[in-house]
Amino acid sequence: MDLDGAVVVITGGGSGIGAAMARRFASGGATVVVNDVDPVAAHHVAHEVGGRAFSGDAADPDFVERLVSFAWGSLGRLDLFCANAGVATGGTEAAPAADWDLAWRVNVLAHVHAARAALPRWLERGSGRFLVTASAAGLLTMLGAAPYSVTKHAAVGFAEWLRATYAHRGIVVQALCPQGVRTPMLSGTGPVGTLLLGRDAIGADEVAERVAEALAGDRFLILPHPEVAEFYARRAADPDGWLGAMNRLQRKAETRVTT
C-alpha cells in the first residue's frame, strides 16, 4: 500500500497509537480522518496532521456507517480503515457486567461495525485494507485483565476470519498486536499489567513506524515486539507448559504487588 494520496480512517485517533499512526501516515502523504469519542482530541490531531476530524462512538454501528460515508462522500475514497479504538478493562471474572459489556462493544463489536460499513464498497472496487489494533494479549493473554484479554482474543479471531474470507477478493486484513506501549491505556491494565509490561514498553511513534512498514506488504500479524512471535509459538506448541509459566508470573506479580 502506498500512503501517498491514500485516504485513511483511524478510530481512537485522538491519542496513543491512533494519534501516532495519524501523524506517521500524514507524513507519508495520506489524508487522515481522525475519529475519537473525545471531540477536542480528534480535532487537535486532525488539525496537526492536516486531516479531517469526525468525532463519535466507534462502537455505535449507525455512527460508523456515517463515518465511512463521510470518507467516501467528502474525500472520494477510503483505502485503509484502522479499527484502533479500544479500552483496557482490567479485573478478573468478577469484574462488573458493565465492564465486560464495554470491553465487548469497543474491543470487538466496533471492528464488526467497521467491517460491515467498509466492505461493500471495497468488494465492489476489488481492493481495500482493514487494520485491527488488537494486542499481544489477543495472541497470549494479559494477567490481571480478564475482559481485556478475552475481547482482544476475539478481535484477533475476527481479523483472522475476515482475512480467510476475503483475501482472494482484494481485501488485505492485518492485526496489530503490540505488547506494552507507553500510552494511557497501559495503566488501564492494572498494577499487574503495568508491572509486567512497563519495563519493555515502547513508544507509540515506534509502533506507528512498524505499521507503516507493514503496510508495504500484506503479512497478517504486525508485531512491534518481535519476541511476541516466539511466545505465540510456544503457547501453540506446548499450552500446558506455557500456562504453567504464566501462572508462575501471576504468583510473582501477586507477591510484588502486595509487598
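Up top you'll find the structure we're talking about.
Residues numbered from 1 in each chain as written. Predicted model: local features only at pLDDT ≥ 70, side-chain atom pairs only at ≥ 80, totals over all residues. Heavy atoms only, no water.

So, the nonpolar core
- Leu 78, Phe 81, Trp 122, Phe 130 and Leu 162 are the most contacted members of the largest nonpolar core, which totals 42 residues.
- Setting aside chain neighbours within four positions, we find Trp 122 in contact with Trp 72, Leu 78, Asp 79, Leu 80, Phe 81, Ser 127, Gly 128, Arg 129, Phe 130 and Ile 171. (Core = buried A, V, L, I, M, F, W, Y, C linked by side-chain atoms within 4.5 Å. Buried < 20%, exposed > 50% of the residue type's maximum accessible area, 1.4 Å probe, protein only. Contact = heavy atoms within 4.5 Å.)

Here we look at the pairing of strand β6 (residues 171-176)
- Among the 6 residues that make up β6, 6 are buried, leaving the element largely enclosed by the rest of the structure.
- Where burial is concerned, the two faces of β6 agree: the one with Ile 171, Val 173 and Ala 175 and the one with Val 172, Gln 174 and Leu 176 are both buried.
- Both strand β5 (residues 128-133) and β6 contribute to a ladder of 6 bridges, which runs parallel. Of the residues in β6, the one forming a bridge with Arg 129 is Val 172.
- One ladder, built from 2 bridges, connects β6 with strand β7 (residues 221-222); its direction is parallel. The residue of β7 that forms the bridge with Leu 176 is Ile 222. (Helix = DSSP H or I, 4+ residues; strand = E, 2+ residues; numbered from the N terminus. Pairing = 2+ DSSP bridges.)

Brief notes about helix α3 (residues 61-75)
- Spanning 15 residues, α3 covers 21 Å between terminal C-alpha atoms, matching the ideal 21 Å at 1.5 Å per step.
- When we look at burial in α3, the residues that qualify are Phe 63, Val 64, Leu 67, Val 68, Phe 70, Ala 71 and Trp 72.
- Looking at the buried side of α3, the elements it contacts are β1 (7-10), β2 (31-34), β3 (52-53), β4 (80-83) and α4 (97-125).
- Between the side-chain oxygen of the N-cap and the backbone nitrogen of Asp 62 there are 3.0 Å, and the N-cap of α3 in question is Asp 60.
- Residue Gly 76 follows α3 closely and has a positive phi angle near 85 degrees. (Expected span 1.5 Å × (residues − 1). Polar contact = N/O pair within 3.5 Å; in protein donor to acceptor, adjacent residues only side chain to side chain.)

Here we look at helix α6 (residues 146-166)
- Given a rise of 1.5 Å per residue, 21 residues ought to cover 30 Å, and the 30 Å separating the end C-alpha atoms of α6 matches this to within 8%.
- For α6, the set of buried residues is Pro 147, Tyr 148, Ser 149, Thr 151, Lys 152, Ala 155, Val 156, Phe 158, Ala 159, Leu 162 and Tyr 166.

Overview of the packing of α4 against α6
- Running from N to C, α4 and α6 point in directions that differ by 15 degrees, and their axes come no closer than 8 Å. In terms of their interaxial angle, α4 and α6 are classed as roughly parallel. Judged by the sense of rotation from one axis to the other, the crossing of α4 with α6 is right-handed. Here Trp 100, Ala 103, Trp 104, Asn 107, Val 108, His 111, Val 112, Ala 115, Leu 119 and Leu 123 of α4 come into contact with α6, specifically with Ala 146, Pro 147, Tyr 148, Val 150, Thr 151, Lys 152, Ala 154, Ala 155, Phe 158, Leu 162 and Tyr 166.
- Here the residues of the contact of α4 with α6 are counted per class, giving 17 nonpolar, 3 polar and 1 charged. (Axes fitted to C-alpha atoms, helices over the stretch in contact; angles between N-to-C directions. Parallel < 35°, antiparallel > 145°, perpendicular 65-115°, else oblique. Left-handed = near helix turned anticlockwise from the far one by under 90°. Nonpolar A, V, L, I, M, F, W, Y, C, P; charged D, E, K, R; others polar.)

Section: the packing of aromatic side chains
- Across all of its chains, the model carries 4 aromatic pairs by this definition.
- Taken together, a centroid distance of 6.0 Å and an interplanar angle of 25 degrees make the contact between Phe 81 and Phe 130 stacked. Separated by 49 residues along the polypeptide, Phe 81 in strand β4 and Phe 130 in strand β5 bring together distant segments of the chain.
- One aromatic cluster in this structure is built from Phe 54, Phe 63 and Phe 70.
- One residue, Arg 235, lies across the ring of Trp 242, its end atom 5.7 Å from the ring centre. (Phe/Tyr/Trp six-rings, centres within 6.5 Å; stacked < 30°, edge-to-face > 60°. Lys NZ or Arg CZ within 6 Å of the ring centre and 35° of its normal.)

Description of the pattern of salt bridges
- Applying the stated rule across the entire model yields 8 salt bridges.
- As a salt-bridge pair, Arg 105 and Asp 101 come within 3.2 Å of each other at their nearest N and O atoms. Of this pair, Arg 105 and Asp 101 both sit in helix α4, 4 residues apart, which is roughly one turn of that helix.
- When its relative accessible area of 29% is taken as the criterion, Arg 105 is described as partly exposed.
- The salt bridge involving Glu 206 is made with Arg 210; its shortest N-O contact spans 3.9 Å. Here Glu 206 pairs with Arg 210, and both are found in helix α9 (residues 204-215), just 4 residues apart, close to one helical turn.
- Glu 206 gets classed as partly exposed once you look at its relative accessible area, which sits at 36%.
- On the basis of relative accessible area, Arg 210 is assigned to the partly exposed category, the value being 25%.
- Connected via shared salt-bridge partners are Arg 77, Asp 79 and Arg 125. (Salt bridge = Lys/Arg side-chain N within 4 Å of Asp/Glu carboxyl O.)

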